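A structural walkthrough
Each chain, written out:
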Amino acid sequence: MPSAPPRRPGGPLAPAAVALAFWVTMAGTTVPTPLYPLYQRAFGFSTFTVTVVFAVYALGVVAGLLTLGRLSDRIGRRPVVLAALLLAAAAATLFELADSLPWLLAARVLSGLGAALVTGAATAALLDLAPPERRLRAQTVALAANMGGLAGGTLLAGALAEWADAPLRLPWTVTLVLTGAALLGLLAVPETVPAEVRRAGRTGGPALGARARFRTPHVPPGIRPAFLRAALTGGAGFAVTGVLTAVSGLFLATVLDLHNHALTGLVVALAFLSTAVGQLLVRVLPPARALPLACAGLVLAAALVAGALLGGTLPPLLLGACVNGLATGTAIGTGLGTVNGGVEPHRRGEAVSAFFAVLFTMLSVPVIGVGVLVRATGLRTAGVTFSAAVAVLALAVAAGLVRRPRHGEAPVPVTVPVTTATAEPAPAPAVPSGQA
């Protein structure tokens with residue numbers, strides 16, 4: 001008789017518990033999106049300050065990627081997911097108690113650190129818990145938890161702010177309840193990193209203190225041109241998503257006279273959900289066409305957003321959010337494919353950290369720039385100028401794709417993408433479970 005396949009650690013509830021923790025942590029990062037106009041009125045700060053509050057989240061993610069990117073490989077998945085949930089709970093508590101700007105800034109930094117921790121650890125845990133024949137399904141679950149959380153947070157907060165009382169308190173109370181449920185769910189999740197690996201990871205001092213240090217990410221020379229093109233394209237899309245997240249409420253209120261928090265949440269949710277679809281598209285697109293299509297999508301999205309600003313109409317904004325998400329997801333999937341196909345398994349964690357460090361830097365810096373332009377020129381002029389800059393960058397990358405690769409430059413390989421903030425990418429099927 002053929003031997004039974006080896007059992008994976010944990011029962012059927014373990015993957016669901018990890019996915020819930022992933023979803024809840026990411027949802028908490030977008031709950032503030034439809035609430036920004038309310039915070040403006042409550043605390044009396046400017047549109048520029050809104051962009052700064054948003055941008056510090058991205059800086060928290062970058063700090064987490066560069067210092068804690070591979071922590072779960074060394075001390076285990078469960079403690080890192082636990083730490084991410086505790087950071088998410090702390091951020092939600094600060095938001096609920098906030099009575100001034102410093103509270104919001106501190107909460108956003110904690111949210112960023114939590115997102116940086118959970119994406120790598122939760123994705124790796126889902127892969128560890130899945131049998132080999134279900135590895136692709138586990139990757140899809142990770143993607144759904146990540147993007148679904150980002151979309152769900154803004155939809156939930158928008159609906160509660162629009163149709164319930166205490167709009168600056170209730171969304172965070174619900175977030176804390178969901179976080180508590182996720183913490184309880186971790187009791188059903190076994191540790192999947194072998195004990196000897198965790199002991200080795202703790203050698204030399206306290207685990208967190210010994211391992212939480214800045215590391216300059218390394219990208220092998222052979223893939224740097226392809227890596228840079230994918231990072232710039234994905235970063236341009238991230239920049240658009242960041243601006244939509246930060247100022248959609250302001251645009252809807254001041255340009256369209258639509259004071260609807262749920263609608264603000266919908267605009268941003270469409271961008272995130274489309275980003276997930278774009279990552280899935282990489283599985284079926286020919287490798288040579290993926291990045292050119294992403295560049296074309298970014299140009300179209302920039303034109304749609306500019307048209308919405310100039311025409312003062314909603315449909316182009318909704319369509320632009322969707323097209324931008326598709327293009328961004330395609331570029332991200334291509335970049336992760338470049339890393340997974342061109343970097344040794346033991347160096348993938350830092351290469352993907354470099355990739356997302358570029359993306360989140362491009363998420364934060366342009367948003368602050370738009371805030372400066374809004375203060376100097378107005379929302380329409382700032383938005384159109386920003387859209388033009390995104391289109392120019394996408395066209396420049398597309399122009400670079402026209403030339404043939406130089407001798408020794410690696411072509412862009414494509415494997416299955418996973419998430420949009422992971423410091424520990426899901427390995428290709430040939431990579432042993434638990435390696436980044």
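Residues numbered from 1 in each chain as written. Predicted model: local features only at pLDDT ≥ 70, side-chain atom pairs only at ≥ 80, totals over all residues. Heavy atoms only, no water.

**Thoughts on the overall build of the chain**
As a reminder, the rule being used: Strands here mean DSSP runs of E at least two residues long; helices mean DSSP runs of H or I at least four residues long; both are numbered from the N terminus. Exposed residues in this analysis have more than 50% of their type's maximum accessible area, buried residues have under 20%, and partly exposed residues fall in between, with area computed by a 1.4 Å probe over protein chains only. It only takes one pair of heavy atoms within 4.5 Å for two residues to be counted as in contact.
Check the secondary structure of the chain and you find 16 helices and zero strands. Looking at the chain residue by residue over its 436 residues, the buried ones come to 56%. The long-range share in the chain, meaning contacts at least 24 apart out of those at least 6 apart in sequence, stands at 87%.

**Observations concerning the pattern of salt bridges**
For clarity, the cut-off: Think of a salt bridge as a Lys or Arg side-chain nitrogen and an Asp or Glu carboxyl oxygen that are within 4 Å of each other.
Tallied over the entire structure, the rule returns one salt bridge. In this structure, Arg-77 and Asp-128 form a salt bridge, with 3.0 Å as the shortest nitrogen-oxygen distance. You can see Arg-77 sitting in helix 5 (residues 77–97) and its partner Asp-128 sitting in helix 6 (residues 101–129), a full 51 residues away along the chain. For Asp-128, a relative accessible area of 4% gives the class buried.

**Brief notes about the nonpolar core**
Operational definition: To define a nonpolar core, start from buried Ala, Val, Leu, Ile, Met, Phe, Trp, Tyr and Cys residues and group those joined through side-chain atoms within 4.5 Å.
Counting residues in each nonpolar core, the largest one holds 116 residues, and the members touching the most others are Leu-35, Tyr-39, Phe-251, Leu-317, Phe-355, Phe-356 and Phe-360. Top contributing element to this core by residue count: helix 11 (residues 224–254), with 14 residues. Each residue touching Leu-35, except ones within four places of it in the same chain, is listed here: Ala-157, Ala-161, Pro-167, Leu-168, Pro-171 and Trp-172.

**Some remarks on helix 1 (residues 13–30)**
Turn by turn, an α-helix covers 3.6 residues, leaving residues three or four places apart pointing in a common direction. Heads up, the rule is: Helix span is expected to be 1.5 Å times the residue number reduced by one.
The terminal C-alpha atoms of helix 1 lie 26 Å apart, and with 18 residues this matches the ideal 26 Å at 1.5 Å per residue to within 8%. Burial of helix 1 is extensive: 13 of the 18 residues sit out of reach of the surface.

**Observations concerning the packing of helix 3 (residues 47–68) against helix 11**
Describing two packed helices takes the angle between their axes plus the distance from one axis to the other. Inclusion rule: For helices, the fitted line uses only the C-alpha atoms of the stretch in contact; every axis is such a line through C-alpha atoms, and the angle between N-to-C directions lies from 0 to 180 degrees. The crossing is said to be left-handed when, going from far helix to near helix, the turn is anticlockwise and less than a right angle, and right-handed when the turn is clockwise. By the convention adopted, Pro, Cys, Tyr, Trp, Phe, Met, Ile, Leu, Val and Ala count as nonpolar, Lys, Arg, Asp and Glu as charged, and the other residues, Gly among them, as polar.
Where helix 3 contacts helix 11, the axes come no closer than 10 Å and their chain directions differ by 145 degrees. Here the hand of the crossing between helix 3 and helix 11 comes out right-handed. Contacts from Thr-47, Val-50, Thr-51 and Phe-54 in helix 3 reach Gly-242, Thr-245, Ala-246, Val-247 and Leu-250 in helix 11. Residue composition of the contact of helix 3 with helix 11, grouped by class: five nonpolar, four polar and no charged.

**Concerning the environment of Leu-178**
Mapped onto the fold, Leu-178 is located in helix 8 (residues 170–185). Sequence separation between Leu-178 and Gly-28 is 150 residues; the distance between their C-alpha atoms is 9.8 Å.

**Regarding a nonpolar patch on the surface**
What counts is decided by this rule: Nonpolar side chains (Val, Leu, Ile, Met, Phe, Trp, Tyr) are joined into patches within 5 Å and like charges within 9 Å, using only residues with over 30% relative accessible area and no salt bridge. To measure how exposed things are, a 1.4 Å probe is used in the Shrake-Rupley method; for residues, cover is taken only from the protein chains shown.
A cluster of nonpolar side chains, namely Val-277, Leu-281, Val-284 and Leu-326, defines an oily patch on the protein surface of about 310 Å² accessible area. Within the secondary structure, Val-284 sits in the loop between helix 12 (261–281) and helix 13 (287–311). Given the relative accessible area of 65%, Val-284 is considered exposed.

**Concerning the packing of aromatic side chains**
Heads up, the condition is: Under the pairing criterion, centres of Phe, Tyr and Trp rings, with the six-membered ring standing for Trp, must be within 6.5 Å; the plane angle then separates stacked pairs below 30 degrees from edge-to-face pairs above 60, leaving the rest tilted. A ring is considered to have a charge above it if a Lys NZ or an Arg CZ atom is located within 6 Å of its centre and within 35 degrees of its normal.
In the structure shown here, the tally under the stated rule is eight aromatic pairs. Between the aromatic rings of Phe-238 and Phe-360, the centroid separation amounts to 5.3 Å while the plane-to-plane angle is 85 degrees, which identifies the pairing as edge-to-face. One end of the pair, Phe-238, is in helix 11; the other, Phe-360, is in helix 15 (residues 348–377), and 122 residues separate them in sequence. With a relative accessible area of 9%, Phe-238 lands in the buried category. Given the relative accessible area of 4%, Phe-360 is considered buried. Over the aromatic face of Phe-48 sits the side chain of Arg-375, whose NZ or CZ is 4.6 Å from the ring centroid.

**Concerning the environment of Leu-38**
The topology assignment puts Leu-38 in helix 2 (residues 36–43). For the pair Leu-38 and Leu-168, spaced 130 residues apart in the sequence, the C-alpha separation amounts to 7.6 Å. Setting aside residues no more than four positions away along its own chain, Leu-38 makes contact with Ala-161, Pro-167, Leu-168 and His-261.

**With respect to unusual backbone geometry**
Unlike most non-glycine residues, Ala-166 shows phi in positive territory, near 50 degrees. With respect to the helices and strands, Ala-166 occurs in the loop between helix 7 (135–163) and helix 8. The backbone of Asp-257 sits at a positive phi, close to 55 degrees, despite the residue not being glycine. Its location among the elements puts Asp-257 in the loop between helix 11 and helix 12. Take Asp-257: its relative accessible area is 56%, and that puts it in the exposed class.

**Details of the packing of helix 7 against helix 8**
Here is the rule: Working definition: roughly parallel below 35 degrees, roughly antiparallel above 145 degrees, roughly perpendicular at 65 to 115 degrees, and oblique for all remaining angles.
It is at 9 Å that the axes of helix 7 and helix 8 come closest, and there the two elements cross at 140 degrees. Classified by the interaxial angle, the pair formed by helix 7 and helix 8 is oblique. Classified by chirality, the crossing of helix 8 by helix 7 is right-handed. Along its contact with helix 7, which presents Leu-156, Ala-157 and Leu-160, the element helix 8 presents Leu-170, Pro-171, Val-174 and Leu-178. A class-by-class count of the residues in the contact of helix 7 with helix 8 yields seven nonpolar, no polar and no charged.

**Description of the confidence of the model for the chain**
Formally: Residue-level confidence of the predictor, termed pLDDT, takes values from 0 up to 100.
Of all residues in the chain, 83% have pLDDT values of 70 or greater, and the mean over the chain is 83. Within the chain, the element-level pLDDT minimum falls on helix 10 (residues 207–211), averaging 45, and the maximum on helix 8, averaging 97. Low pLDDT, under 50, characterises residues 204–211; the predicted model gives this stretch twelve contacts beyond four residues in sequence or across chains. For residues 404–436, every residue scores under 50 in pLDDT, and the model assigns this stretch 118 contacts once sequence neighbours within four places are set aside.

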